[in-house]
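# Results of the structural survey
Spelled out from the first residue to the last, the chains are:
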Amino acid sequence: MHLLGPSLLLLEYLAFSDSSKWRVEHPHTLYSWEGACVWIPCTYTVHSTSKDELEELIVYRNYKYDEATKNFEGLILYNDTKPWKRPDPLERVQFLGDQRSNCTIHINPVLGEDNGWLGLRMIKKNSKWMEKIDLNVSKTPLPLQIQLPPEIQEFREVTLTCLLNFSCPGYNIQLQWSLEGDPGGSLKERAITLTSLTTKTISTQSKLTFQPRWMHHGKNLTCQLWDRKAEQMLSKETVLLDVKHAPKEVTTVIENPTRIQEGDTVTLSCNYSSSNPGVTQYVWDFQGSQMKQPDEVLIIQKVAWDTRPITCAACNQWCSWAPIVNLDVQYAPKDVRVQQIIPSSEIHSGNRVRLECNFSSSRPRDVRFFWKKNGIFLKEGKELSFDSVSPEDAGNYNCFVNNSIGQTMSEARTLQVLYAPRMLRVAISPKDQVMEGKKAVLTCESDANPPVFLYTWFDWKNQNLHHYDQMLRLDPVKIQHSGAYRCEATNKLGRVQSPPSTLTVYYSPETIGRRVAVGVGFCLATLLLAFWGVKLQRSWKRIRSQQGLQENSSGQSFFVRKQKVRRAPLSEEPHPLGCYNPVMEDAISYAALRFPVSDNDTPRTGDARTLETERPSPNTDDTVTYSVLKKCRVGDYENVLPDSPEDEGIHYSELVHLGVGERPLAQEAVEYVTLKH
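Bear in mind the structure is a predicted one, so any value in this text is a computation, not a measurement.

What follows covers the overall build of the protein. A tally of regular secondary structure across the protein gives two helices and 47 strands. Counting the 677 residues in the protein, one finds 38% classified as buried. The contacts in the protein between residues at least 6 apart in sequence include a share of 64% that link residues at least 24 apart. Looking at the protein as shown, the accessible area adds up to about 40,600 Å², and 51% of this sits on carbon and sulfur atoms.

Our focus in this paragraph is the sheet that holds strand E23 (residues 281-286). One open sheet holds the four strands; their spatial order is E24-E23-E26-E27, and the pairing between them is antiparallel. Every interior strand has two partners, whereas the edge strands, strand E24 (289-293) and strand E27 (319-321), have only one. Taken over all neighbouring pairs, the strand axes of this sheet differ in orientation by 20 degrees on average, direction set aside. Sheet topology places E23 next to E24; five bridges connect them, and they run antiparallel. Across the sheet, residue Val 283 finds its bridge partner in E24, namely Lys 292.

Going through the model one piece at a time under the given rule, you end up with 20 salt bridges. With its nearest N and O atoms 3.6 Å apart, the salt bridge here joins Glu 34 to Lys 139. With a gap of 105 residues between them, Glu 34 in the loop between strand E2 (29-33) and strand E3 (38-40) and Lys 139 in the loop between strand E10 (128-138) and strand E11 (145-147) connect regions that are remote in the sequence. You can call Glu 34 partly exposed: its relative accessible area is 35%.

Turning to its location among the elements, Asn 449 is positioned in strand E40 (residues 440-449). Reaching out from Asn 449, the side chain makes a polar contact with the backbone oxygen of Val 417 at a distance of 2.9 Å. Those residues in contact with Asn 449 that sit more than four places away from it in its chain are Gln 416, Val 417, Leu 418, Tyr 419, Asn 491 and Leu 493.

One pass over the structure, following the stated rule, counts 14 aromatic pairs. With 4.4 Å between their ring centres and 50 degrees between their planes, Trp 33 and Phe 166 make a pair best called tilted. Of this pair, Trp 33 sits in strand E2 while Phe 166 sits in the loop between strand E13 (158-164) and strand E14 (173-179), placing them 133 residues apart in sequence. Judged on exposure class, the residue Trp 33 and its partner Phe 166 are both buried. Seen in terms of ring centroids, Trp 305 and Tyr 331 are 5.0 Å apart; in terms of plane orientation they differ by 55 degrees. Their pairing is tilted. You can see Trp 305 sitting in the loop between strand E25 (297-300) and strand E26 (311-315) and its partner Tyr 331 sitting in strand E28 (residues 331-334), a full 26 residues away along the chain.

It is worth spelling out the pairing of strand E33 (residues 376-380) at this point. Where strand E32 (residues 368-373) lies against E33, four bridges are found, and the strand directions are antiparallel. Directly across from Lys 372, in E33, lies its bridge partner Phe 377. Where E32 folds back on E33, the antiparallel hairpin that results is connected by two residues, among which Asn 374 adopts a positive phi of roughly 50 degrees.

With that settled, consider unusual backbone geometry. Most peptide bonds take the trans form, and the phi angle of most residues other than glycine is negative. Across the junction of Ile 342 and Pro 343, the peptide omega takes the value -10 degrees, indicating a cis bond. Although it is not a glycine, Asn 462 sits at a positive phi angle of roughly 60 degrees. Looking at where Asn 462 falls in the secondary structure, it is placed in the loop between strand E41 (454-458) and strand E42 (471-474). With relative accessibility at 48%, the residue Asn 462 sits in the partly exposed group.

With that settled, the discussion passes to the pairing of strand E21 (residues 266-271). Two strands pair when backbone bridges link them, and strand E20 (residues 251-254) and E21 are joined in this way by four bridges, in the antiparallel orientation. The residue of E21 that forms the bridge with Ile 254 is Leu 268.

Okay, the state of the cysteines next. Within this structure, the stated rule accounts for seven disulfides. Note on cysteine connectivity: Cys 162 is disulfide-linked to Cys 223, with sulfurs 1.7 Å apart. Here the S-S torsion is close to -95 degrees, and the disulfide linking Cys 162 with Cys 223 is therefore left-handed. One end of the pair, Cys 162, is in strand E13; the other, Cys 223, is in strand E17 (residues 220-227), with 61 residues separating them in the sequence. Across the pair, Cys 223 and Cys 162 agree in class, each one buried. In this model Cys 444 forms its disulfide with Cys 487; the gap between the sulfur atoms is 2.0 Å.

To continue, consider the confidence of the model for the protein. Scored by pLDDT, the protein has a mean of 81; 77% of the residues are at 70 or more. Within the model, the stretch residues 554-593 combines pLDDT values under 50 with 79 contacts to residues more than four positions away or in other chains.

Let's shift gears to the environment of Gln 205. Relative to the elements of secondary structure, Gln 205 occurs in strand E16 (residues 202-210). Spatially, the C-alpha atoms of Gln 205 and Gln 145 are 9.1 Å apart, while their sequence positions differ by 60 residues. Other than its neighbours up to four places away in sequence, Gln 205 contacts Thr 161, Cys 162, Leu 163, Leu 175, Ile 192, Thr 193 and Leu 194.

Below, the discussion takes up the environment of Pro 421. Within the secondary structure layout, Pro 421 lies in strand E38 (residues 419-429). For Pro 421, a relative accessible area of 4% puts it in the buried group. A sequence separation of 67 residues divides Pro 421 from Glu 488, and the C-alpha atoms of the two residues are 9.2 Å apart. When near neighbours in sequence (up to four residues on either side) are disregarded, Pro 421 contacts Asp 447, Ala 448, Val 452, Ala 489, Thr 490, Asn 491, Gly 494 and Val 496.

Two orientations exist for strands paired in a sheet by backbone hydrogen bonds: parallel and antiparallel. Spatial ordering of the open sheet is given by E20-E21-E25, a layout of three strands whose pairing is antiparallel. Of all strands in the sheet, those with a lone pairing partner are E20 and E25, marking the two edges. Each neighbouring strand pair of the sheet contributes to a mean axis angle of 25 degrees, computed without reference to strand direction. Examined bridge by bridge, E21 and E25 share four bridges and lie antiparallel to one another. Bridged to Ser 269 within E25 is Val 297.

Take the side chain of Asp 114 next. Its location among the elements puts Asp 114 in the loop between strand E8 (105-107) and strand E9 (116-123). Of note is the side chain of Asp 114, whose polar atom sits 2.7 Å from the side chain of Arg 92.

A few words on the environment of Gln 176. Mapped onto the fold, Gln 176 is located in strand E14. Sequence spacing of Gln 176 and Ile 192 is 16 residues, and the spatial spacing of their C-alpha atoms is 9.7 Å. Side chain to side chain, Gln 176 and Gln 174 meet in a polar contact 3.4 Å long.

Parameters at a glance
Residues numbered from 1 in each chain as written. Predicted model: local features only at pLDDT ≥ 70, side-chain atom pairs only at ≥ 80, totals over all residues. Heavy atoms only, no water. Helix = DSSP H or I, 4+ residues; strand = E, 2+ residues; numbered from the N terminus. Buried < 20%, exposed > 50% of the residue type's maximum accessible area, 1.4 Å probe, protein only. Contact = heavy atoms within 4.5 Å. Areas by Shrake-Rupley, 256 points an atom, 1.4 Å probe, with all protein chains shown as cover. Pairing = 2+ DSSP bridges. Axes fitted to C-alpha atoms, helices over the stretch in contact; angles between N-to-C directions. Salt bridge = Lys/Arg side-chain N within 4 Å of Asp/Glu carboxyl O. Polar contact = N/O pair within 3.5 Å; in protein donor to acceptor, adjacent residues only side chain to side chain. Phe/Tyr/Trp six-rings, centres within 6.5 Å; stacked < 30°, edge-to-face > 60°. Disulfide = S-S within 2.5 Å. pLDDT = per-residue confidence, 0-100.

Printed below as a string of structure tokens:
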């Protein structure tokens, strides 16, 4: 806008002084470019009592007021008076108004010289008015303006305006939107073009309404002015979208280069692709609790096998969570246990039993099973079966499950086999041969499950001793306790009796001494009684024998006493007559002696060694029988062993049937002697 001279200022003052009558409305400044057109909307009102119409209209370009002539001078672009002519499309400047209120003017095309101001001189019969209109004509098309809201947030609908301070009917222009990364031009369908031709504003604007996405952040949004007739772009305006959004594409990244095993150190990072504004903190959801930290890295020391899935959030004024991440920790089998499948209750001897090895989890899942009994390897396999379980199968069973990471052993499962008492025996302590007076303990040893609750003891007579403990104590032990003992064991499954065990009780030295003393005394007494009995018996027999001989011999008896002669050795002595017979020892020998009737035939005394036996006459009774009872010994020639040397050489002889005649008188050398055995 150019400065006016003092005269022009005065003119304006005068004009405005009449403003109470004239009121003209139009845009303060109009914009256009060379080759385009300009549309000047204009209205006026005149406050006066008269109803006069507009009689003349003059359009000046860059007018001036001439002080000398008191008129406005300048290039007249349009001049029309009453009667008004119709607008000519071929004229560059057209008056599109009327004589009462409309003063609209259309200039097409606009020239560069038109830049400046226009003067609209309106004249009525009784008043005049000069209205100044600023016109800004550029050499190039007008620039566009993109109007953005104060803040653009993701998913929040916004309206963007592309503004052109120009509008001219008949000049075909178009505003188009384009967004970087949107080659399909989807924004065109969302844009609305609005044209404003009022006395307040002249503009063409395109309003784009859409919901921005986070990926629109930092992208170029362009509005273009197109000449649809020439099909060329006249101008454009580009802005960089600033879309506020939460962190996007948040991920939890495992930084470990190899597969994670139980006990390893794990490093995790929380990453994102875009955030506006930038991330200010990170939140980790680990094992059910949330941890806030400014760093995006999380380090887990000695990771557990059952670590839960982990996630993180990147936060600005909003927080965005990453998908959960499973650490896939590799570990040995867990919760390994032995389960009894068959039977479900008590196990009795002979039952079918099946044990199974199970576990809760393993990573990896490929596993192998092994069994041990009391620490000794049994077999490989998931199951352990017994078709007919025996007491020997009872024990502690462990199963092992291993994978490529390691091996886990179950707790010991005790297999209890219930059975009636068996393998009973009576154990004698300290040994089965005990001296009287000592202590002997008999223990009933058995193998039973459940344990024996009742023991019964029996002696060698199968008598119940009414003792019901496991041990039978004999203190002190007596000779009467010798014998075989049995025990009987009872549990809830049965009753079994043991084989007998013999306890032998010996006399003590004291008892043996007493018994020996009594025995020796008894033996001595017996021997003494026997000795005296024999003597009495022999005496009695001798007396009886003498009485019998006297009675049977009719007084015809004699006794011969042999002279005591020392016994000669066996080899030197001659055999006695009718006694020694080596073939018939311990026998009775007989000899017959024949005596003459007359005195001349009587044999000599002591001639018994050389006396030969004569055969008696079968018709005579004067035969004498001589008998010798001899208990022979080797080297002995007599029938009696003497008790002393003085008894040697004694013979006992009887002469029977001596014949008729008187018995000779007894001689002094004849005695009665006793025969001793």
